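Summary of structural features
Here is how the chains run, residue by residue.
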Amino acid sequence: MSEVPSGCYYEPRPVPADGDAEYEYFQPTEATASVWSSDMQHGGPPSGLLMRAMMRAAPDDGQVFTRVTNEIIGPIGLGVNRVRATIPRPGRRISMIQADLEAQLPDGSFRLASRAVAWRMLGADSTPIAHSPVEPLPASPDQLKQILGFPTEDEDAVPWGMVGFIGKTITARQPGRNGSTPALWIRPALDLVAGEQMSNLEAVFTVIDIANGVGTRVDPQQWSWMNMDTTVHLVSQPTSPWLGIDSDLAIGSGGYGASFADLYDVTGFLGRSAQSDMIAPQG
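What you see is a predicted model; the values in this text were computed from it and never measured.

Right, let's talk about the packing of aromatic side chains for a bit. Considering all chains together, one arrives at seven aromatic pairs under this definition. Geometrically, the ring pair formed by Y25 and F110 is edge-to-face, given 5.9 Å between the ring centres and 80° between the ring planes. Of this pair, Y25 sits in strand β2 (residues 24–28) while F110 is found in strand β6 (residues 110–122), placing the two residues 85 residues apart along the sequence. An aromatic cluster of at least three residues, connected via ring pairs, comprises W36, W160 and W225. The ring of Y23 carries the charged tip of R82 above its face, separated from the ring centre by 4.1 Å. It is R82 that lies over the ring of F110; its NZ or CZ is 4.2 Å from the centre.

Here is the structure:
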């Protein structure tokens, strides 16, 4: 594998003199750039930043994240971003937590660009009836060839190469079960925030948005399939920063589709994700 790069996806910034102290402020780096446009961020790093905010706002009450929906409300620019989390529905057994990411506009004001809403549930021992709909992926990431980014020439999947954010991830592939594309192990190659150790949940949500990009052989020079959301249902919590994704993109005839993925931890089945995709010809 090529040498792992140094750096981070976000650099923390102090609250400006005229800023809002309820928010944390960050400067995205070029490592967050989208494959669709170098002027906006890929959906992955903002999802990781929103998960970080929710984890920091969540009380230490034994509850775990079981469902997370990230809504991409508009382009997430590479200017200053700010994030805050709230708990609209507290509870002892079930609670809802929400985080908003706002992007700074040229006039200095901020616009809501992405929102995450999550359900948390109190954990309990359900080992006697535990069930997984699919077997674990046959090979772990340590048993496969790991590379930085994606192959530049690939007959099995889209050859994304090293463009923007996806060039700052570490990947390993094996035959998939959904559709005709490979199953992918992926983890961030950089720190989410400079100087911080990333949690496993933060790492997984930093890369989970990529599912719609790896479940198809459609040529990105001819078509775009940008997602507006990512909804993830978890049946367990990740035990490492590696996420296994086995995805398939379903495309209808009316200009929209959806990406569906089985998700894996190194210990087995982790959950499923779904994304709404806008299908459009390039040019």
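There's plenty left to go through after this.
Below, the discussion takes up the packing of helix α1 (residues 44–57) against helix α2 (residues 200–207). Axis separation between α1 and α2 bottoms out at 6 Å; the angle between their running directions is 150°. Considering the angle they form, α1 stands roughly antiparallel to α2. The element α1 and its partner α2 pack so that their crossing is right-handed. Contacts from G44, P45, S47, G48, M51, R52 and M55 in α1 reach L201, E202, F205 and T206 in α2. For the contact of α1 with α2, a count of residues per class yields five nonpolar, four polar and two charged.

The next subject is the side chain of D277. Mapped onto the fold, D277 is located in strand β15 (residues 268–281). Buried charge D277 goes without a salt bridge, the closest partner of opposite sign being R272 at 16 Å. A polar contact is formed between the side chain of D277 and the side chain of N212, at a distance of 3.3 Å. Looking at D277, its side chain comes within polar contact range of the side chain of S259, at 2.7 Å.

What follows deals with α1. Look at α1: 20 Å from first C-alpha to last across 14 residues, which is about the 20 Å you get at 1.5 Å a residue. For α1, the tally of buried residues reaches eleven of 14 residues, placing the bulk of the element in the interior.

This paragraph deals with the pattern of salt bridges. Proximity of charged atoms lets side chains of opposite charge pair with each other. This structure, assessed with the given rule, holds nine salt bridges. Where E22 meets R84, a salt bridge forms, and the shortest distance between an N and an O atom there is 2.8 Å. Remark: R84 occurs in strand β4 (residues 81–89) and E22 occurs in the loop between β1 (8–13) and β2; sequence separation between them is 62 residues. On the accessibility criterion, R84 (28% relative accessible area) is partly exposed. Among the salt bridges present, the one from R115 reaches D100, with a minimum N-O distance of 2.7 Å. Here R115, found in strand β6, pairs with D100, found in strand β5 (residues 94–104); they are 15 residues apart in sequence, far enough to count as distant. Under the relative-accessibility criterion, R115 is labelled partly exposed at 28%. It is possible to trace a salt-bridge network through shared partners that takes in E24, R52, R56 and E196.

Our focus in this paragraph is the pairing of strand β9 (residues 183–188). Every other side chain in a regular strand lies on the same face of the sheet, so the side chains alternate between the two faces. β9 sits mainly inside the fold: five of its six residues count as buried. Examined bridge by bridge, β9 and strand β13 (residues 243–251) share three bridges and lie antiparallel to one another. Looking at β13, one finds that L184 is bridged to I245.

With that out of the way, let us pick up the side chain of D229. Its place among the elements puts D229 in strand β12 (residues 229–234). A polar contact of 2.7 Å, which involves the side chain of D229, links it to the backbone nitrogen of S276. If sequence neighbours within four positions are ignored, D229 has contacts with N70, E71, A274, Q275 and S276.

Reading the values: the criteria
- Residues numbered from 1 in each chain as written.
- Predicted model: local features only at pLDDT ≥ 70, side-chain atom pairs only at ≥ 80, totals over all residues.
- Heavy atoms only, no water.
- Phe/Tyr/Trp six-rings, centres within 6.5 Å; stacked < 30°, edge-to-face > 60°.
- Helix = DSSP H or I, 4+ residues; strand = E, 2+ residues; numbered from the N terminus.
- Lys NZ or Arg CZ within 6 Å of the ring centre and 35° of its normal.
- Axes fitted to C-alpha atoms, helices over the stretch in contact; angles between N-to-C directions.
- Parallel < 35°, antiparallel > 145°, perpendicular 65-115°, else oblique.
- Left-handed = near helix turned anticlockwise from the far one by under 90°.
- Contact = heavy atoms within 4.5 Å.
- Nonpolar A, V, L, I, M, F, W, Y, C, P; charged D, E, K, R; others polar.
- Buried < 20%, exposed > 50% of the residue type's maximum accessible area, 1.4 Å probe, protein only.
- Lys, Arg positive; Asp, Glu negative; His and termini not counted.
- Salt bridge = Lys/Arg side-chain N within 4 Å of Asp/Glu carboxyl O.
- Polar contact = N/O pair within 3.5 Å; in protein donor to acceptor, adjacent residues only side chain to side chain.
- Expected span 1.5 Å × (residues − 1).
- Pairing = 2+ DSSP bridges.

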